[in-house]
Amino acid sequence: MRNLIVAAAAALLASQSLAIPPLPPPPSPAAPPKLLIVVSVDQFSADLWDEYRPQFTGGLARLASGAAFHNGYQSHATTETCPGHSTILTGDRPARTGIISNGWANWNAPRADKLVYCGEDESVPGTDSDHYKLSPAHLRVPTLGDLMKQRSAASRVVAVAGKDRSALMMTGRSANQRWYWSDKGFVSDLAATSPKSVAAVNSAVARIIAAPTPALAPPDFCAGKAQPIAIPDHAPVGAGAFARAAGDAKAFRASPQADASVLALSAALVRELGLGRGASTDLLTVGLSATDYVGHTYGTGGQEMCLQLLELDRDLGDFFARLDGWGIDYAVALTADHGGLDIPERARLHGVADAARIDPALTPRTIGDVVTKETGLQGPILADVGVTGDLYLDRHLQGRDRDRALAAAIAAYKRHPQVFAAYSKDEIARTPLPAGDPTRWSVIERVRASFDPERSGDLYVVLKPNITPIGHATGSVATHGSPWNYDRRVPILFWRPHMPAAAREEAIETADIMPTLAAMIGVPVAAGSVDGHCLEGIAGVACPPR
Ligand code: ZN
């Protein structure tokens, strides 16, 4: 972060064109903050938060000195990036946001590719799910930014993220600026004028990627985790320290420097756009994706994740210190889009006896073969859309054949010892929407919170706990996406200067963040219009009567 920030700031100051308005007067504690900063740390499970909390001394320690909930829940079943980000600033679960997963089937899409990406508009000619037009079209509800701009057009909404879906889902339709990492540096889907900060950070980052990068020097706490773990047909993981060859952009993305670059651009845009100095409260959403890439690439239990989290803590501390130095009156909320699970090979060494990779017999094709044998139905049975979660019957199956195929597929899944449950779409649709304490929800209630009648699959398959749905690790070695609490439970932290520290034990939801921040800045949210609930007393928040 330090060298990135310095490079970007130097480039900005050299331009000599920034008119910074005078500092605002010191904030009154009851007044709304001038800048809301909402941070999502991708795949930052509450298990990691609990383990590393004593090690944090920087930005995460600062946030822990506010209202720190370690029993936050992304309460739905499909714990993926797009649905998780869709809950944070809408106040709604995916059943309401419509963002049921990172991608789903739309058999009516006006193109050959019937798979759709969560953050695209598939009606745009010439697109497919890989070459898509980024769009909030699938998001069925407004975001906090939308409400802020409805109330005051002077409010600015700015997103910076490592992933397009993070920036998109946290801003929706209202972003003034939206920047996310791509193989061309930070890019935008909006036709806004490009701030000088973007070019400055992009060239600083390009220089960093172009140079070879030496390994980080692990502190003792991380060195204690450096044990190489063998994974079949894959290089061992566990003892890495982010040494990188010149030009390896993929390794950069899965390193602490990726988050540092997002924070560098965030800080530079605060400065250049004068966020937090306008007439109305501004919103900055920050999507930090490196923890997710590190988790997928190396698992969550080794030296790599340790270094990532300690660097993130330090870089967040630098980011906040910079805002402090500029005299900005800001409040922060930080959470995660989902949690994560370590590689089964290391989990077993740590005593998780049932940790395993998914049996190859659980691919849709193999289950389809079983169905064909049992029913005599011809042609493909299950569409090639995912391995667990939402699954779709092939569209040639209709009427009674479809019913028979569905029943046989569900029975075949249920017979497998790694499968916890398989539900039909009708069974899920009949389940009432859950409410109340998310730790008490049944598994089908969690699935119901991920259900959209138009987009969801014909059946939904849940693996037993600790089964990793990556059979043969060629790319990612570990993942998330299950309805189990290691994937659902995330930290939710609120911080404002001088607020009383409170380490809170009660279970809350990420959907509670939006109504709480709305109350903090005086934006009305109609009672019952969102799934989440305003949390009373956070940084002096007075919630509207329920
Ligand atoms: Zn994610």
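Residues numbered from 1 in each chain as written. Predicted model: local features only at pLDDT ≥ 70, side-chain atom pairs only at ≥ 80, totals over all residues. Heavy atoms only, no water.

## Digging into the state of the cysteines
- For the structure shown, the criterion picks out three disulfides.
- Each disulfide pairs two cysteine sulfurs, and for Cys82 the partner residue is Cys118, the sulfurs being separated by 2.1 Å. Handedness of the Cys82-Cys118 disulfide follows from its S-S torsion of about 90°: it is right-handed. Of this pair, Cys82 sits in helix α4 (residues 81–88) while Cys118 sits in the loop between β4 (115–117) and α6 (144–151), placing them 36 residues apart in sequence.
- A sulfur-sulfur separation of 2.0 Å characterises the disulfide bridge that pairs Cys534 with Cys543. Looking along the S-S bond of the Cys534-Cys543 disulfide, the torsion reads about -75°, which is the left-handed sense.
- Here the cysteine-cysteine linkages of the protein chain are recorded as 1-2, 3-4, 5-6, numbering only bonded cysteines and doing so in sequence order. (Disulfide = S-S within 2.5 Å. Helix = DSSP H or I, 4+ residues; strand = E, 2+ residues; numbered from the N terminus.)

## A few points about the pattern of salt bridges
- In this structure the tally under the stated criterion is 26 salt bridges.
- Salt-bridge contacts for Lys163 lead to Asp42; the nearest nitrogen and oxygen are separated by 3.0 Å. Taken as a pair, Lys163 in the loop between β5 (157–161) and α7 (164–171) and Asp42 in the loop between β1 (35–41) and α2 (46–52) lie far apart in primary sequence, 121 residues in all. Comparing Lys163 with Asp42 shows no difference in burial state: the two are buried.
- Arg404 is paired through a salt bridge with Asp401; the nearest N and O atoms lie 3.9 Å apart. In this pair, Arg404 and Asp401 are both assigned in helix α16 (residues 399–415), three residues apart and thus about one turn of the helix distant. (Salt bridge = Lys/Arg side-chain N within 4 Å of Asp/Glu carboxyl O. Buried < 20%, exposed > 50% of the residue type's maximum accessible area, 1.4 Å probe, protein only.)

## Section: the side chain of Asp458
- Secondary-structure assignment places Asp458 in the loop between α18 (443–448) and β15 (459–463).
- Exposure remark for Asp458: the relative accessible area of 6% places this residue in the buried category.
- Within polar-contact distance, the side chain of Asp458 engages the side chain of Arg395 at 3.4 Å.
- Dropping the residues within four chain positions of it, Asp458 is found in contact with Leu391, Tyr392, Leu393, Arg395, Arg402, Leu406, Tyr423, Ser424 and Lys425. (Polar contact = N/O pair within 3.5 Å; in protein donor to acceptor, adjacent residues only side chain to side chain. Contact = heavy atoms within 4.5 Å.)

## Focus: the sheet that holds strand β13 (residues 389–391)
- In space, the three strands of this open sheet follow the order β13-β15-β14, with antiparallel pairing throughout. Edge positions in the sheet fall to β13 and β14 (419–424), since each has one partner strand and no second. Each adjacent strand pair in this sheet contributes to an overall mean axis angle of 25°, direction not counted.
- Sheet topology places β14 next to β15; five bridges connect them, and they run antiparallel. Across the sheet, Ala421 pairs through a bridge with Val462, a residue of β15.
- Each of β13, β14 and β15 touches α16; the most contacted strand, β14, lies at about 165° to it. (Pairing = 2+ DSSP bridges. Axes fitted to C-alpha atoms, helices over the stretch in contact; angles between N-to-C directions.)

## Regarding unusual backbone geometry
- Positive phi outside glycine occurs at Phe242, with the angle close to 70°.
- In this fold, Phe242 is placed in the loop between β9 (234–237) and α10 (249–253).

## Here's the deal with the coordination of the zinc ion
- The protein atoms donating to the zinc ion are Asp42 (OD), Thr81 (OG1), Asp337 (OD) and His338 (NE2), with metal-donor distances spanning 1.9 to 2.2 Å.
- One can describe the site at the zinc ion as irregular: its four donor atoms subtend angles covering 94 to 136° at the metal.
- Counting the intervening residues between successive donors of the zinc ion yields the motif D-x38-T-x255-D-H. Residue Thr81 is found in helix α4, and its partner His338 is found in the loop between β11 (330–335) and α14 (344–349); the two are separated by 257 residues along the sequence. (Donors = N, O, S within 2.8 Å, 3.2 Å for Na, K, Ca; no water. Tetrahedral: all angles 85-135°; square planar, octahedral: opposite > 155°, others 65-115°.)

## Some remarks on the packing of aromatic side chains
- Under the criterion given, the structure shown has 14 aromatic pairs.
- Consider the rings of Tyr52 and Phe221, whose centres lie 5.7 Å apart with planes at 85°: the pair is edge-to-face. Linking Tyr52 in helix α2 with Phe221 in helix α9 (residues 220–223), this pair joins segments that are 169 residues apart in sequence.
- Phe221 gets classed as partly exposed once you look at its relative accessible area, which sits at 30%.
- Judged by centre distance (5.5 Å) and plane angle (45°), the rings of Trp181 and Phe252 are tilted. Placement of Trp181 in strand β6 (residues 177–182) and of Phe252 in helix α10 is noted, with a sequence separation of 71 residues between them.
- Assessed through its relative accessible area of 17%, Trp181 is described here as buried.
- Judged by its relative accessible area of 1%, Phe252 is buried.
- Ring pairing ties together the aromatic residues Phe44, Trp49, Tyr52, Phe56 and Phe221, which thus form one cluster. (Phe/Tyr/Trp six-rings, centres within 6.5 Å; stacked < 30°, edge-to-face > 60°.)

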